[in-house]
Amino acid sequence: VQLQASGGGLVRAGGSLRLSCAASGRTFSIYGMGWFRQAPGKEREFVTAISWSGGSTLYADSVKGRFTISRDNAKNTVYLQMNSLKPEDTAVYYCAATRIIITTRFVDYGYWGQGTQVTVSS
């Protein structure tokens, strides 16, 4: 399966962005989808995840209440709505797919997109 992330950009603190991740290929085998991010000099960290049905979601404490993950299975696309952005949200955001129903673990994701840069200015 191939993943293509888009929607990143430069935004001021307090602003919003919506990221998209389009999946193609053997989409029938995808179960959970997730978003991770990596800031300069830091390890890649979990942001949020959603199950195939969309009925279950998980969020990192740092984004809970500000970010919302959703998916449109008819379009094979997952979205990340990011509100009330903070400078510490600045990172490259990666979408990923897993055969596990839903998980926060980096090692459980076998498919990764190329990443999209999000920069939040203060």
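The structure we're discussing is the one just above.
Residues numbered from 1 in each chain as written. Predicted model: local features only at pLDDT ≥ 70, side-chain atom pairs only at ≥ 80, totals over all residues. Heavy atoms only, no water.

As for the sheet that holds strand β3 (residues 17–24)
Inclusion rule: At least two bridges found by DSSP between two strands are what make those strands a pair. A run of DSSP states H or I qualifies as a helix once it reaches four residues; a run of E qualifies as a strand once it reaches two. Both are numbered from the N-terminal end. Every axis in this analysis is a line fitted to C-alpha atoms, fitted for helices over the stretch in contact. Angles between the N-to-C directions lie between 0 and 180 degrees.
The strand order across the open sheet formed by 4 strands is β1-β3-β8-β7, and the pairing between neighbours is antiparallel. The open sheet has two edge strands with one neighbour each: β1 (2–6) and β7 (67–72). Put simply, the sheet's adjacent strands are angled 15° from each other on average, direction ignored. Here β3 runs beside strand β8 (residues 77–82); their pairing, made up of 6 bridges, is antiparallel. Bridge pairing links Cys-21 to Val-78 in β8.

Some points on the pairing of β1
How we decide: Between buried and exposed lies partly exposed: a residue is buried under 20% and exposed over 50% of the maximum accessible area for its type, with that area taken using a 1.4 Å probe on protein chains only.
Of the two faces of β1, the one lined by Leu-3 and Ala-5 is fully buried and the one lined by Gln-2, Gln-4 and Ser-6 carries no buried residue. Of the pairings in the sheet, the one linking β1 to β3 comprises 5 bridges and is antiparallel in character. Its bridge partner lying in β3, Gln-4 is registered against Ala-22.

Considering the side chain of Arg-37
Rule in force here: Throughout this description, a polar contact denotes any pair of N or O atoms lying within 3.5 Å of each other; where both atoms belong to protein, one of them has to be capable of donating a hydrogen while the other can accept it, and for residues adjacent in sequence the pair is counted only when both atoms sit in side chains. Note on contacts: a residue pair qualifies if any of its non-hydrogen atoms lie within 4.5 Å across the two residues.
With respect to the helices, strands and loops of the structure, Arg-37 is situated in strand β4 (residues 32–38). Within the local environment of Arg-37, its side chain forms a polar contact with the side chain of Asp-89, the two groups lying 2.9 Å apart. Apart from the residues within four sequence positions on either side, Arg-37 is in contact with Glu-43, Arg-44, Glu-45, Val-47, Ser-62, Val-63, Phe-67, Glu-88, Asp-89, Ala-91, Val-92 and Tyr-93.

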